[in-house]
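# Observations on the model geometry
Listed here are the chains, written in short residue letters.
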Amino acid sequence: MEDPVVAAAQLAFSVRIKNSSDVSENTKNAQAIAKGWRKAVHELNPDRFHIEALVDPGLDQKIDVVDTETSCAYEFKVSGKNAASEFYKDVVKVIIWNKGRKKKLSSLVFITEEKYGRQFLDAPMPRAYIKHLAEDGLKVTIEYVKHK
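Residues numbered from 1 in each chain as written. Predicted model: local features only at pLDDT ≥ 70, side-chain atom pairs only at ≥ 80, totals over all residues. Heavy atoms only, no water.

## Some thoughts on helix 5 (residues 124–135)
Put simply, the rule reads: Put simply, DSSP H or I for four residues or longer makes a helix, DSSP E for two residues or longer makes a strand, and each gets a number counted from the N terminus. Take the residue count of a helix, subtract one, and multiply by 1.5 Å to get its expected span. When checking whether two residues touch, look at their non-hydrogen atoms; a contact exists if any pair is within 4.5 Å.
Helix length check: helix 5 (12 residues) gives 17 Å between terminal C-alpha atoms against 16 Å at 1.5 Å per residue, within 8%. The inward-facing, buried residues of helix 5 abut helix 3 (83–99), helix 4 (114–121) and strand 5 (139–145). G137 sits one or two residues past helix 5 and shows a positive phi near 95°.

In C-alpha cells:
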C-alpha cells in the first residue's frame, strides 16, 4: 500500500521546474513545493498529521510532518543536493524529539529528489547508520521522488 504522505510529496514534486540555472528561481520553487506538500498532507487528515512539529522550543527545529497514528516523522528535502547532511540532521531531530517525550517516534521517512539524492544516500555509510538506528529501535526509510 502506497504511503499517502510520500504520494503527496511525489505529486507536489511533479510540478517542479526542470533544468533552471537560476538559483533564486530554484529556491522559490523548492519552497513552493514543500509548502504545497505540507498543505496536501494537512488536508489528508488535520487531526492525524501535525505539520512543522516543534522538536524543542530551545532549538528552533521542526519536523516537517508527524503522523500521530503511526508515530512516524516525515522530512522532505526537495532538492537532492546536500541530501546527506540534511538526512543526518533530520535523524538527530527525531532522536532529540524522542529524548524529550513519553510518546516516541518509531520511524522516520526521509524524502528527497532521486537524481541527486540517491548517489549520496544509497551508499555504505548511510546504510550502516540506518541499520544501527534500527537496532536501537528507530526505523528509517529513504524515499525518492522524481520527474515523471
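## Quick word on the sheet that holds strand 5
Counted only if it meets this: DSSP calls a pair of strands paired once it identifies at least 2 bridges connecting them. Whenever a helix is involved, its axis is fitted only over the stretch in contact; in every case the axis is a line through C-alpha atoms, and angles between N-to-C directions fall within 0 to 180 degrees.
One open sheet accounts for five strands, arranged 1-2-3-4-5; its pairing is mixed. Where the open sheet ends on each side, the last strands, each with one partner, are strand 1 (49–56) and strand 5. On average, each strand axis in the sheet is inclined to that of its neighbour by 35°, with strand direction left out of account. Alignment of strand 1 against strand 2 (residues 61–67), held across six bridges, turns out to be antiparallel. Bridge pairing in strand 2 links D56 to Q61. Packing against the sheet, helix 2 (residues 23–44) makes contact with strand 1, strand 2, strand 3 (72–77) and strand 4 (107–113), and its axis sits at approximately 115° to strand 1.

## Some details on the packing of aromatic side chains
Short version of the rule: By convention, a stacked pair of Phe, Tyr or Trp rings (six-membered ring in the case of Trp) has centres within 6.5 Å and planes under 30 degrees apart, an edge-to-face pair has planes over 60 apart, and any other such pair is tilted. Here's how the labels work: a residue is buried when its accessible area is under 20% of the maximum for its type, exposed when over 50%, partly exposed in between, all with a 1.4 Å probe on protein chains only.
For the structure shown, the criterion picks out four aromatic pairs. On the numbers, 5.2 Å between centres and 75° between planes, the contact of W37 with F76 is edge-to-face. Of this pair, W37 sits in helix 2 while F76 sits in strand 3, placing them 39 residues apart in sequence. Its relative accessible area of 8% is what places F76 among the buried residues.

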